[in-house]
Amino acid sequence: MPDPSVPPTPAVPLSALLAREDLALRQIAGPTDPDVVIHWAHTSEMADPYPYLLGGELLLTAGVHIPEAAGSGTYFDDYVSRIVEAGGTALGFGLAPVHDTVPRALVAACESFGLPLLEVPPRTTFSGVARAVWQLMAQARLAELRRVTEAQQSLAAAASRPDPVPSVLRQLAQRVGGWAGLYGPEGTLIAAAGREPGAEAQAALADLTGVVRPRTDATASTPDSTAAVDGRTAAGGGRAGAAPADREAPRERGQAASAPASGAAAAAPAAPGIRAAGVAPRERGQAAPTSTAPARSTAAPASATDTVAGAHLAAYALAPSHGFVLGVAAPRRDPADHTIASVAAVLLSLLTGEQQSGTGAARTSALVRLLLGAAPEAVAPLLGTAPWLVVHARPDSPGAPDPVAASALGAALGSPLVDLAGDVVRVLVPADREPAPQPGWTLGVSDPATPAEGPAADTRAARALARARATRTPLVRHGARPGLADLVPHDEAASHARALLGPLAHTPALVDTLRAWLSLHGSWDRTAVALAVHRNTVRQRIARCAALLGTDLDDPDVRMELWFALRQ
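Residues numbered from 1 in each chain as written. Predicted model: local features only at pLDDT ≥ 70, side-chain atom pairs only at ≥ 80, totals over all residues. Heavy atoms only, no water.

Caption draft 1: View of the side chain of Ser-167. On the secondary structure map, Ser-167 appears in helix α5 (residues 164–176). On the accessibility criterion, Ser-167 (1% relative accessible area) is buried. Excluding residues within four positions of it along the chain, Ser-167 makes contact with Ala-158 and Arg-161. (Helix = DSSP H or I, 4+ residues; strand = E, 2+ residues; numbered from the N terminus. Buried < 20%, exposed > 50% of the residue type's maximum accessible area, 1.4 Å probe, protein only. Contact = heavy atoms within 4.5 Å.)

Rendered as structure tokens:
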């Protein structure tokens, strides 16, 4: 029979059940260890309950299955040994109507096999015991959720302080009653808080951080990187034998284990010899493979746990592309500890992410210099020489977008550079990331532009958005310059455009209306939608343009010439 998994419910200490005065349970045999826990109560009158147990049960029986001559043979030894083998935590024996007292041979067998034996008085029903177990579980879950909620609030408050990283580490260490440290990409300890573990535990934790830190093919093929992670569990790495991050690893029958908190507890230690994810095992003495290919990052587990010198250790990868790792050492492993540490890991990932990297620092510096009066052309090199795309977006639903929706759009487009200006969201996206249509949004995308060309790209993105809204298209990209423009020198074309459009130069609304009207093939309705004005306003403006220019806008040659001028 395969080993059972720990059920997704909080464990109940057996001592808490014995303390219930309404049940009047009495332990008459077996160890009185306060760490003994039960996961549920199950009633069975089978002579061999092994096939029907999952492990962790309080098995309840009235002794119906006990034969008359059971006391003179090995019946009770066989019965108790099978319960222990199945992983049962305790045995409850109900008095009356079958037996007035607990058989002495059963008491001796439970004492011999180390199985706690409880005497259930006649007035206490088995269903009442089961209900009490579930009540205690509900209380434990409520306390667990309350602890996690309070920890989330305190960690979030710590992240908003002037010194967010040390504050989060201090709060985490306090919540788990141990120590928390932040390790840099090179494995050095950057910041720490709490009671320091012993030297052996510190060394083991530093080694554990290397399990979750991203590795390259070059380092993964070295002898050091293929060392077995004995006694550890790495979650999220996708390797055989690893426990998923949202539940504990299977435990041996009869081994007490704490239930996970909110479905995500720390994994139980794995069997020795399990290796970290992404590291292929090799025979002893076999030479490490070599490769001339460029080093590239390989998959690593998201978290890993270990127990050394009585300290429970855990490591969590932060912002994997930057190599930061959170290390935690605690004197015990409570069900909610993994959830609380995961919350801290998310906050620290944000605090140590791209905004703290070289690229993020350069962008911050660029903003500071602009605010202090630096010219755009002097700030542009800080943003890099690679071209950018300007994306203008408006939500399809009525009303202006909120900051949360704007940030979510930026994340979907792959850029943190988001500006919410009225009813339009503007996003700067690297040109190598091709924007895709986003559900619930209408997008206009500029052509690639250097930072110095940003204002012109911003204008072209706005025009693309106007056309997208007018044509009810999810995404419109600014088209390439027509081939006709390449036949005329730019200076001459610009001079001609200024002369042709001179009568409209002092009325931007007329210029914008004429451009939108021509781009939409003279459609009054679509132009009105694009400009968010009434169609009669469009008619009046176009008539005004025709009067000022002194030309017939129904003539296709005139339209072509005006369009050429407006494109300059």
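Picking up where we left off.
Caption draft 2: The packing of helix α14 (residues 508–519) against helix α15 (residues 524–531), seen in detail. It is at 9 Å that the axes of α14 and α15 come closest, and there the two elements cross at 130 degrees. The angle between the axes of α14 and α15 places the two elements in the oblique class. Where α14 crosses over α15, the handedness of that crossing is right-handed. Across from Asp-512, Thr-513, Ala-516 and Trp-517 in α14, the residues of α15 making contact are Trp-524, Thr-527 and Leu-531. Of the residues that constitute the contact of α14 with α15, the class distribution is four nonpolar, two polar and one charged. (Axes fitted to C-alpha atoms, helices over the stretch in contact; angles between N-to-C directions. Parallel < 35°, antiparallel > 145°, perpendicular 65-115°, else oblique. Left-handed = near helix turned anticlockwise from the far one by under 90°. Nonpolar A, V, L, I, M, F, W, Y, C, P; charged D, E, K, R; others polar.)

Caption draft 3: Highlighting the side chain of Glu-57. Mapped onto the elements of the fold, Glu-57 is located in strand β5 (residues 57–61). Those residues in contact with Glu-57 that sit more than four places away from it in its chain are Trp-40, His-42, Gly-87, Gly-88, Thr-89 and Ala-90.

Caption draft 4: Molecular detail of the sheet that holds strand β17 (residues 418–421). If you trace the five strands from one edge of the open sheet to the other, you get β17-β18-β16-β19-β20, paired in mixed fashion. Taken across any chain shown, the strands that pair with only one partner, and hence form the sheet edges, are β17 and β20 (475–477). Neighbour-to-neighbour, the strand axes of this sheet turn through a mean angle of 20 degrees, independent of strand direction. In terms of strand pairing, β17 meets strand β18 (residues 424–430) through four bridges, oriented antiparallel. Its bridge partner lying in β18, Val-418 is registered against Val-427. Here helix α12 (residues 454–471) sits on the sheet and contacts β16 (388–395), β18, β19 (441–445) and β20; the angle it forms with β16, its principal contact strand, is near 35 degrees. (Pairing = 2+ DSSP bridges.)

Caption draft 5: Representation of the pattern of salt bridges within the structure. Using the criterion set out here, one finds 14 salt bridges in the structure. Among the salt bridges present, the one from Asp-423 reaches Arg-394, with a minimum N-O distance of 3.1 Å. One end of the pair, Asp-423, is in the loop between β17 and β18; the other, Arg-394, is in strand β16, and 29 residues separate them in sequence. Residue Asp-423 is classed as partly exposed on the basis of its relative accessible area of 33%. Note that Asp-525 is salt-bridged to Arg-535, the shortest N-O span being 3.1 Å. Of the two residues, Asp-525 is situated in helix α15 and Arg-535 in helix α16 (residues 535–549); the sequence distance between them amounts to ten residues. Judged by its relative accessible area of 44%, Asp-525 is partly exposed. Connected via shared salt-bridge partners are Asp-48, Arg-82 and Glu-85. (Salt bridge = Lys/Arg side-chain N within 4 Å of Asp/Glu carboxyl O.)

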